[in-house]
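Residues per chain, in single letters:
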Amino acid sequence: MVIYGVAILAGCFLFGMFCGELIGALMGIDSNVGGVGIAMLLLIVVVDKLQKNGKISKPAESGLAFWNAMYIPIVIAMAASQNVLGALTGGPLAIIAGIAVVLISWLVVPLLSGKKAKESAIEFNKNHPVTGEAN
């Protein structure tokens, strides 16, 4: 049942929203700053502590796993749409900065994984399920 664990999720969300509003107020911004991120991190920490102490039931774990799978993509989609609107109204500098960050991230991922970019692309093509090639 997906209803189990929703109270933990709701509590983390409310606390994260409160913290985000507080951070925004401290910065002098009439906006929530990082509330969703705080909620997600808090949810991870709380569930981990409960699992380590054996104080969470299997149905609650299953419910939280379901909501984690649903929650993160929805929040990312909402944040992405807000960022695009902000970038379009913020002028060309915001768009250039966004493109630069994406390009730099693509270049850094192979470095962090310990592979060269060309090796990474070759391995991706070998293991890609669409090409049908075996490992």
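Residues numbered from 1 in each chain as written. Predicted model: local features only at pLDDT ≥ 70, side-chain atom pairs only at ≥ 80, totals over all residues. Heavy atoms only, no water.

### Some points on helix 4 (residues 92-113)
Compared with an ideal rise of 1.5 Å per residue, which puts 22 residues at 32 Å, helix 4 spans 32 Å between its outermost C-alpha atoms and is within 8% of the ideal. Gly-114 sits one or two residues past helix 4 and shows a positive phi near 85°. (Helix = DSSP H or I, 4+ residues; strand = E, 2+ residues; numbered from the N terminus. Expected span 1.5 Å × (residues − 1).)

### A few points about the environment of Met-17
Tracing the backbone shows Met-17 in helix 1 (residues 6-27). Once the C-alpha coordinates of Met-17 and Val-36 are considered, the two residues, 19 residues apart in sequence, prove to be 6.5 Å apart. For Met-17, the residues in contact, after removing those within four places along its chain, are Asn-32, Gly-35 and Val-36. (Contact = heavy atoms within 4.5 Å.)

### Points about helix 2 (residues 35-52)
Spanning 18 residues, helix 2 covers 26 Å between terminal C-alpha atoms, matching the ideal 26 Å at 1.5 Å per step. Buried within helix 2 are the following residues: Gly-35, Ala-39, Leu-43 and Val-47. Seen from one end, helix 2 has its buried residues packed into an arc of 95°, which puts them on one side. Among the exposed residues of helix 2, those oriented more than 90 degrees off its buried face are Leu-41, Ile-44, Lys-49 and Lys-52. Gly-54 sits one or two residues past helix 2 and shows a positive phi near 65°. (Buried < 20%, exposed > 50% of the residue type's maximum accessible area, 1.4 Å probe, protein only. Arc of directions from axis to C-beta.)

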